[in-house]
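Commentary on secondary and tertiary structure
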Number of protein chains: 2
Amino acid sequence: MIRVNGLAIDSIHARDRGLAYGDGVFRTLRTEAGQPVWWADHYARLEADCSVLMLDCPDQNTLRDEVCRAAEAGQGVVKIILTRGVGMRGYAVPEASANTCVVLASAMPQHAKSLGDIRARWCELKLARQPRLAGVKHLNRLENVLARAEWDEPDIFEGLLCDDQGAIVSGVMSNVFWAKQGELFTPDLSQCGVAGVARMRLLRAAARRGIRVHIDRFTPADLLAADEVMICNSLIGVRRVARLDDTTWLPAGWTLLLNDALYDNLD
Amino acid sequence: MIRVNGLAIDSIHARDRGLAYGDGVFRTLRTEAGQPVWWADHYARLEADCSVLMLDCPDQNTLRDEVCRAAEAGQGVVKIILTRGVGMRGYAVPEASANTCVVLASAMPQHAKSLGDIRARWCELKLARQPRLAGVKHLNRLENVLARAEWDEPDIFEGLLCDDQGAIVSGVMSNVFWAKQGELFTPDLSQCGVAGVARMRLLRAAARRGIRVHIDRFTPADLLAADEVMICNSLIGVRRVARLDDTTWLPAGWTLLLNDALYDNLD
């Protein structure tokens, strides 16, 4: 089901700034029995991302109601797209613009239901560094599209991305963690990348359990030296990278541990 | 008037990848008496940009007919938006996707009818360098939106942008040229920026007239030392920058000369 600005319609105006400029943000979240999972975290990120783009964020309860109205009955996925609304010509932000709020619901994709290990590759594309937009889940995602177009082998689940200085940033659709000698590592996202809700929850869960997490700029060599490598996002949870190009790892127990931690509570 | 995929409708599907990811390209062009101006050049750029994104470009005559059907009777502006069409979830390019072609026509804005000198400012925002997308007029334009939001003084017409290494790139909605000691200078766009049709026509016109043009990485200091600074795009033609923050210039004759050159022919 699709809802736009509170109505059961499936189209947006052709002059929407979301289309013209990617002038907006989005979230992708799980729904269980028609209710959003990790809602408080998703709303907090949406609010933070809106603030970076100087967008008004819809009221939390109103938006939650919209998500529930759109959501599938069983397990589902909801994508919320929030744009600066319809504009006339030019980049200048209209003085009186009403945001566009799109809620797209679908059934949970098969790949997101699995807990199995995954295979990944390094992408050729290097992410540009734009600190003003780093961390934000905005609608300018051509880098992800180009990176995802680098492979079509169905057994490769994810591609890992570095920035133009060689620092590892994330997966195309996920954040990356790895464990070594009892500690966790994940890339700093102050230059580029998306700070996902699953990543935030893992950081919180690690703190709660007294696991030290290093958030810094790392090279692919740092990751390759790990005991266990994982990707995460709100749909797939935590998945172990069993193979990355020609490097393979055996399970070291971290993926199970962190998946449990991720689901400490569902609010 | 708005046309979408050959029909007189004003909306696109909410699952369009142009909205979801900015997965598409666009052109903005003048129309005169319902006919596109500089059509061959615009189509050539559209085709080149499509090829970078692995998008199918519509047939030239079909697209031109669409532009003519949408265009205003007198002087007008037409924006063509071409996206990878409707997709389901995920960044992967759908195997069988039909592009979305949006043609948006409006009257020529007042500011584009003037030939007067303009005032500009330096923007704080630094453009990220992404060689894979540099030069392409794609739909990921949040940097332009953020840069344009830096000022609201109505007498400031344009903001000039540098990249994160301090090289000058372009205006928010224009390309930049300057003249010094009988030669022309314009930034290299291999790292970021949009290679506009007006810029391309100026380069061609300069070559035809035996004017040497330096295309390179330049600093703001290089520009400030110019005899005359100009911005250009397909709507405004060439406009002289009379003032840039606190720096002012007197006319040195280049803007008139280049504006003539730009309109050598209208095809």
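Residues numbered from 1 in each chain as written. Chains lettered and ligands numbered in written order. Predicted model: local features only at pLDDT ≥ 70, side-chain atom pairs only at ≥ 80, totals over all residues. Heavy atoms only, no water.

For the pair of chain copies, the relating transformation is a rotation about an axis with a translation along it. You can overlay chain A on chain B at an RMSD of 0.0 Å; the transform is a turn of 180° with a shift of 0.0 Å along its axis. The transformation relating the two chain copies, once decomposed into turn and shift, fits a two-fold axis. Comparing interface residues between copies, 100% of those in chain A also sit at the interface in chain B, which points to an isologous, same-surface contact. (Least-squares fit on C-alpha atoms with pLDDT ≥ 70 in both. Contact = heavy atoms within 4.5 Å.)

With that settled, consider the packing of helix α2 (residues 39-52) of chain A against helix α3 (residues 60-70) of chain A. Residue and element names in this part refer to chain A. At a closest axis distance of 11 Å, the pairing of α2 and α3 adopts a crossing angle of 120°. When the interaxial angle is binned, α2 and α3 end up oblique. α3 is crossed by α2, and the crossing has right-handed handedness. Residue-level contacts link W39, A40, Y43 and L46 of α2 to Q60, L63, R64 and V67 of α3. Considered class by class, the residues forming the contact of α2 with α3 number six nonpolar, one polar and one charged. (Axes fitted to C-alpha atoms, helices over the stretch in contact; angles between N-to-C directions. Helix = DSSP H or I, 4+ residues; strand = E, 2+ residues; numbered from the N terminus. Parallel < 35°, antiparallel > 145°, perpendicular 65-115°, else oblique. Left-handed = near helix turned anticlockwise from the far one by under 90°. Nonpolar A, V, L, I, M, F, W, Y, C, P; charged D, E, K, R; others polar.)

Accessible area lost upon the coming together of the parts is a frequently used measure of interface size. Residue and element names in this part refer to chain A. In terms of domain boundaries, chain A breaks down into domain 1 (2-108) and domain 2 (118-262). Using C-alpha coordinates to define each centre, domain 1 is positioned 25 Å away from domain 2. Contact with domain 1, which involves 21 residues of that partner, is made by 19 residues of domain 2. Here domain 1 and domain 2 share an interface that buries about 1700 Å² over both sides, 66% of which is from carbon and sulfur atoms. For the domain 1 face of the interface with domain 2, the top three residues by lost area are F26, W38 and D41, together amounting to 37%. Applying the counting criterion to the domain 1 and domain 2 interface returns two salt bridges. Residue R204 is joined to D41 by a salt bridge in which the shortest nitrogen-to-oxygen separation is 2.9 Å. On inspection of domain 1 and its partner domain 2, the count reaches 11 residue pairs in polar contact (both at pLDDT 80 or more). Those elements that place two or more of their residues in the side of domain 1 that touches domain 2 are α1 (17-21), β3 (24-32), α2 and β5 (75-83). (Domains from an automatic or database assignment. Buried area = accessible area lost by both parts, 1.4 Å probe. Salt bridge = Lys/Arg side-chain N within 4 Å of Asp/Glu carboxyl O. Polar contact = N/O pair within 3.5 Å; in protein donor to acceptor, adjacent residues only side chain to side chain.)

Let us look at unusual backbone geometry. Although it is not a glycine, A:W38 sits at a positive phi angle of roughly 60°. Following the sequence through the fold, A:W38 ends up in the loop between β4 (35-36) and α2. Positive phi outside glycine occurs at B:A33, with the angle close to 50°. Summarising the element assignment, B:A33 is placed in the loop between β3 (24-32) and β4 (35-36).

Looking now at the packing of helix α2 (residues 39-52) of chain B against helix α6 (residues 197-208) of chain B. All names here are of chain B. Contact geometry for α2 and α6: axes closest at 10 Å, N-to-C directions at 115°. You can see that α2 and α6 cross each other, and the crossing is right-handed. Every residue of α6 that contacts α2 at D41, H42 and R45 is listed here: V197, M200, R201 and R204. In terms of residue class, the contact of α2 with α6 is built from two nonpolar, one polar and four charged.

This brings us to the sheet that holds strand β5 (residues 75-83) of chain B. Residues and elements named next belong to chain B. Strand order in this open sheet of five strands is β1-β6-β5-β3-β4, and the pairing throughout is antiparallel. Among the strands making up the open sheet, the edge pair consists of β1 (2-4) and β4. Sheet topology places β3 next to β5; nine bridges connect them, and they run antiparallel. Among the inter-strand pairings, T28 is bridged to a residue of β5, identified as K79. Together, β3, β4 and β5 form the strand contacts of α2, whose direction differs from that of β3 by roughly 175°. (Pairing = 2+ DSSP bridges.)

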